[in-house]
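Summary of the model geometry
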Amino acid sequence: MNEKTNIPAIEMRGVNVAAMRDATFLVVENVNWSVAAGEAWVIAGQEQSGKSDFLMLAAGLMAPAAGSLRILGNDPENFGEAELAERLRVGFVFQGGQLFSQLTIVENIALPLRYHKNLAAVDVAAPVALLLDRLELTPLADVTPANVAPNWRLRAALARALILQPEILLLDNPLAGLGARHRQWWLRFLDQLARGDEMFGGQPMTLVVTADDLRPWQHARRKFALLHDKKLVPLGGWPAVEASSDPVVKELLAFQTEAAAPA
Amino acid sequence: MRGNLAKAFEFTDTQVFRRAPLPRSYTDFLGRKLFLFLLTVQGLGAFALITLGVILKKSGVAKNVMRPRLRQETARAGVALLPMFFFVALALGFLVVGQTVSALAKVGATSYLGSTMVIVIVRELGPLLAAMLVLARVGTAHVIELGTARALGEVEALEALGIDPVHYLIVPRIIGMALGIFSLTVYLILGALASGYLFAFLQDVPMTPGDYFKQITESLSWLDFALLALKTMAFGFFIAIVTCYHGLAQPLRLEEVSRVAVRAVTQGVIVCVLIDVLFIVLYLVA
């Protein structure tokens, strides 16, 4: 719950999620799910299970086909210009980064801050440089996204989402396609955000990530849910995931099982 | 923000008509075309109104970001096209103005020169040619850029960051194109009239520069200046609306971008001709 007001960070009641590309097709039905402030959730599911659509809805970027969604106590349908500050408490990282191709990496990261605070590029140079440094992006600052490897593009998208210091951060399959070194970096960095990072206000950040492979996400503090067959099934902590007899969960853990199995 | 784009496109899912089987009769075909036309007009109208609303409502928002964007778009639809327009003005002067002056001089009808030039160059050919050239050079770029941005999810990324895509992507393009076409038309007209006299001079037409420009200025009225400004701004506004609408309409796929660009240019030409007709009526009434 939100420490100040006991309001859940995200709350869904009887929510139906439609596909973004086809509003008539439901990808998830009747979701009843609540995320308390400071929690870290992993939404696991196979490909095409609707993870991205579900996450976009959870961020308030899509309206529910049915049911009620509240983000930090507000109905995102009512987010207008007056509620912009509330809207900006939620950050989102797309699976492919979705950086603006006409802008350089540094311009991409600076844009939200400049736009919302009405600042010139020189005025945001210091905080952007700090973030670039923290995310090891400084050498790529003046390069356009097309000339950056996908690993780093995704990291730049993370920086762009973090520049506004959101309280809730949603990440769509952030580990997909990453090399081992980058994967370790992401897990460490997200863990740091979940514990609270001085650079981003010091409070534990509420995290929701989607994943199609559960193995890297093993962590006692994380909560897990399974998205399968148009249903969202909360599983609980990692021990519950390991103990689950659901064949889909087992499949999402398959590599671990294989690795653990005797030769 | 999210609502602005959704509102513009919610009534305009014309795909349902395009996917329909081939018409069984000519009336079916005409009916389908009529529905498509009406839906397109409705979509463009909604998009134009929403954009106007955003221009008025957010004129003071994020000035430090939007002013450079505006300068960039104005330069692209204006200053960057000046060399091409210089060439076109020369060509227009040599091919049309010069020959007209020469022909009028041969039949001793040089007293009609001023009114002929004003009607042909100032009212019609100058603005229309400028609009077509900017549509070809910049309008197509709008469709491709916005269509690609849409297909790559950049529009959703803007919404996720709380940035209104209509404000950030569309408004600078519309203002830039309106200002660009207006300015380029003025340069095109001046260039064409000057080079036209040069061509006539080379053909030994017995007319001094003073007489030539005096006739033209005497044929111009305040209405010509006012309607020229209005017409070129309208060209710019509606060309940008058509091209931006097609670039952003519906979640495009990358392979659809080129097809949509062709459709946008066709509709842009039609819109320009319709605006031109409207202004001819205005000239006749005024």
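Residues numbered from 1 in each chain as written. Chains lettered and ligands numbered in written order. Predicted model: local features only at pLDDT ≥ 70, side-chain atom pairs only at ≥ 80, totals over all residues.

So, on to the overall build of chain B. Across its full length, chain B carries 11 helices and 0 strands. Written out in order from the N terminus, the α and β elements of chain B read α-α-α-α-α-α-α-α-α-α-α. Each principal axis of the C-alpha distribution contributes one length, and for chain B these read about 65 × 55 × 35 Å. Counting only residues that meet the buried cut, chain B has 42% of its 286 residues in that class. Sequence-distant contacts in chain B: of pairs separated by 6 or more residues, those separated by 24 or more amount to 90%. (Helix = DSSP H or I, 4+ residues; strand = E, 2+ residues; numbered from the N terminus. Buried ≥ 20, exposed ≤ 12 C-beta atoms within 10 Å, placed from the backbone. Contact = placed C-beta atoms within 7 Å.)

Another point: the overall build of chain A. If you tally the helices and strands in chain A, you get 9 helices and 9 strands. The C-alpha atoms of chain A give a radius of gyration of 18 Å, which matches the 18 Å a tight globule of 263 residues would have. The principal-axis extent of the C-alpha atoms belonging to chain A is close to 55 × 50 × 35 Å. Relative to its full complement of 263 residues, chain A shows a buried share of 41%. Nonlocal contacts in chain A, meaning residues at least 24 apart in sequence, comprise 67% of its contacts between residues at least 6 apart. (Rg over C-alpha atoms; globule rule 2.2 N^0.38 Å.)

Each regular strand carries side chains that alternate between the two faces of the sheet. Residue and element names in this part refer to chain A. Most of strand β7 (residues 206-211) sits inside the fold, with 6 of its 6 residues counted as buried. Burial of β7 is two-sided: the residues T206, V208 and T210 facing one way and the residues L207, V209 and A211 facing the other way are all buried. Examined bridge by bridge, strand β3 (residues 40-45) and β7 share 5 bridges and lie parallel to one another. Paired with I43 across the bridge in β7 is T210. Viewed along the sheet, the connection from strand β6 (residues 168-171) through helix α6 (residues 180-195) into β7 turns out right-handed. (Pairing = 2+ DSSP bridges. Right-handed = clockwise from strand over helix to strand, strands pointing away.)

By size, the foremost hydrophobic cluster in this structure holds 155 residues, and its most contacted members are A:I109, B:V134, B:I239 and B:I241. In terms of residue count, helix α8 (residues 165-202) of chain B provides more of this core than any other element does, 19 residues in total. Residue contacts for B:V134: discarding those within four places in its chain leaves B:A77, B:L81, B:G139, B:M177, B:G180, B:I181, B:L184 and B:I239. (Core = buried A, V, L, I, M, F, W, Y, C linked by C-beta atoms within 7 Å.)

Our next topic: the interface of chain B and chain A. Often, the extent of an interface is quoted as the loss of accessible area upon association of its parts. Across the contact, 16 residues belong to chain B and 19 residues belong to chain A. Mapped by element, the contributors of at least two residues to the side of chain B that touches chain A are α4 (63-77) and α7 (154-160) of chain B. Here the residues of the side of chain B that touches chain A are counted per class, giving 8 nonpolar, 3 polar and 5 charged. (Nonpolar A, V, L, I, M, F, W, Y, C, P; charged D, E, K, R; others polar.)

Before going further, it helps to spend a moment on the sheet that holds strand β4 (residues 66-71) of chain A. Hydrogen bonds between backbone atoms are what pair the strands of a sheet, whose relative direction is either parallel or antiparallel. Residues and elements named next belong to chain A. Pairing is antiparallel in the open sheet, where 3 strands are placed in the order β2-β1-β4. Every other strand in the sheet has two partners, leaving β2 (26-35) and β4 as the edge strands with one partner each. Strand-to-strand twist across the sheet, computed as the mean angle between neighbouring axes with direction ignored, equals 20 degrees. Pairing analysis gives 5 bridges linking strand β1 (residues 10-18) to β4, with the strands arranged antiparallel. Directly across from N16, in β4, lies its bridge partner A66. Contacts from helix α1 (residues 51-58) reach β1, β2 and β4, with the element oriented near 135 degrees to β1. (Axes fitted to C-alpha atoms, helices over the stretch in contact; angles between N-to-C directions.)

The next subject is the sheet that holds β6(A). Residues and elements named next belong to chain A. Taken in spatial order, the 6 strands make up an open sheet running β5-β6-β7-β3-β8-β9, and their pairing is mixed. Lying at the two open borders of the sheet, with one neighbouring strand each, are β5 (90-93) and β9 (231-236). Each neighbouring strand pair of the sheet contributes to a mean axis angle of 20 degrees, computed without reference to strand direction. Bridge count between β3 and strand β8 (residues 222-228): 6 bridges; the pairing is parallel. Bridge pairing in β8 links W41 to K223. Lying over the sheet, α1 contacts β3, β6, β7 and β8, oriented at roughly 165 degrees with respect to β7. Each of β5 and β6 touches helix α5 (residues 150-162); the most contacted strand, β5, lies at about 170 degrees to it.

Parts of the prediction with low pLDDT should not have their coordinates interpreted in detail. Here chain A averages 89 in pLDDT, while 94% of its residues score no lower than 70. In this model residues 256-263 of chain A is a low-confidence stretch, pLDDT under 50, and it forms 2 contacts with partners more than four residues away in sequence or in other chains. (pLDDT = per-residue confidence, 0-100.)

What follows concerns the packing of α4(B) against α8(B). Helix-helix packing is described using two parameters, namely the angle between the two axes and the distance between the axes. All names here are of chain B. Two elements in contact, α4 and α8, have axes separated by 8 Å at closest approach and are oriented at 40 degrees. By the angle class used here, α4 and α8 are oblique. Our pair here, α4 against α8, has a crossing hand that is right-handed. The residues of α8 that touch α4, namely those facing M66, R69, L70, E73, T74, R76 and A77, are P172, R173, I175, G176, M177, L179 and G180. Here the contact of α4 with α8 is built from residues that sort into 7 nonpolar, 3 polar and 4 charged. (Parallel < 35°, antiparallel > 145°, perpendicular 65-115°, else oblique. Left-handed = near helix turned anticlockwise from the far one by under 90°.)

Turning our attention to the packing of helix α3 (residues 26-57) of chain B against helix α10 (residues 222-248) of chain B. All names here are of chain B. Relative to each other, α3 and α10 sit at 105 degrees, their axes nearing to 10 Å. With respect to α10, the axis of α3 lies roughly perpendicular. Between α3 and α10, the residues in contact are G43, L44, F47, A48 and T51 and I241, V242 and Y245, respectively. Taken together, the residues of the contact of α3 with α10 sort by class into 6 nonpolar, 2 polar and no charged.

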